[in-house]
Amino acid sequence: MKLFGRKPSSALPRSAQSAQTISRNHGAVTHRLTKDLARAESLARMLAASRASAVVEVADYLAGMYIYEWEHLSRFWEERDEIEGFLQRICQISPQRWHQWIEFYDRERREEDSRKRRRLFGTSEDEKTDGNTLGASRELNSILRRAEEIAPHHDRYEGRSIPILTSECVLLSIVKNEGSAISQTLRETGLDIPSLEQAARNPKHPPLQGSNE
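Okay, so let's go over this structure. Quantities reported herein were computed from a predicted structural model and do not represent experimental measurements.

### Some remarks on the overall build of the protein
- Of the regular secondary structure elements, the protein holds 8 helices and 5 strands.
- Counting from the amino terminus, the protein carries its helices and strands in the arrangement β-α-β-α-α-α-β-α-β-β-α-α-α.
- Residues counted as buried form 46% of the 213 residues belonging to the protein.
- Pairs at least 24 residues apart make up 73% of the contacts formed inside the protein by residues separated by at least 6 positions.
- Taken as a whole, the protein presents about 11,300 Å² of accessible surface, with 44% of it coming from carbon and sulfur.

Here it is as structure tokens:
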């Protein structure tokens with residue numbers, strides 16, 4: 001996948017690194033994410049924030065997966081040019097918006113670096129990231145809940161067993177979201193749904209988890 005210049009670094013700012021906050025249920029962590037999906041989700045949150053949205057939408061999440069996970073997910077399409085064109089349209093990826101996102105990302109990293117320096121020299125201020133963290137839209141929440149049901153691997157968290165979501169689980173859940181225009185178009189672009197479902201439900205390797213916060 002080629003976009004418009006450089007790709008965001010995998011070293012995400014702290015305010016964009018929470019692997020579970022997007023789908024908390026009354027404060028309870030409901031799942032973990034793989035490292036790559038955590039990065040995609042972090043970018044999705046930044047994309048939503050850059051357009052002053054109150055929530056993260058399915059298109060934001062799909063954009064994050066496209067940018068960070070395309071080399072991994074593209075194997076489920078034979079005709080990749082068509083699906084890439086669709087993803088760039090539905091996710092509203094243009095050169096202008098791409099550079100706006102990069103600037104937003106860089107600003108987040110600079111602010112985080114500044115907070116680290118203040119903590120190092122004993123001048124840290126109370127951080128208020130929780131109140132500023134964007135949550136998921138109702139549709140995205142539904143998709144993530146379905147992905148939790150699909151996920152075959154689990155981990156322990158505070159004495160509970162919680163599913164570990166992969167990009168395949170989330171993509172399959174989006175495709176199974178009947179009545180959605182995004183789901184319908186994904187199906188029409190030649191997505192190999194049986195192969196995707198096999199990879200989501202019966203992965204060859206255990207997932208690499210993202211960090212806890």
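### Describing the environment of Q184
- Locating Q184 in the fold gives a position in helix α7 (residues 181-188).
- With a relative accessible area of 43%, Q184 lands in the partly exposed category.
- For the pair formed by Q184 and I174, sequence separation is 10 residues and the distance between their alpha carbons is 9.6 Å.

### What to know about helix α3 (residues 80-90)
- Looking only at α3, the buried set comprises I83, E84, F86 and L87. Along the axis of α3, the buried positions cluster into a sector of 160 degrees, meaning they face one direction only. Away from the buried face of α3 by more than 90 degrees, exposed residues D81 and R89 are located.
- Where α3 is buried, its residues contact α2 (58-73) and α7.
- At the C-terminal side of α3, Q92 shows a positive phi close to 60 degrees.

Parameters and conventions
- Residues numbered from 1 in each chain as written.
- Predicted model: local features only at pLDDT ≥ 70, side-chain atom pairs only at ≥ 80, totals over all residues.
- Heavy atoms only, no water.
- Helix = DSSP H or I, 4+ residues; strand = E, 2+ residues; numbered from the N terminus.
- Buried < 20%, exposed > 50% of the residue type's maximum accessible area, 1.4 Å probe, protein only.
- Contact = heavy atoms within 4.5 Å.
- Areas by Shrake-Rupley, 256 points an atom, 1.4 Å probe, with all protein chains shown as cover.
- Arc of directions from axis to C-beta.

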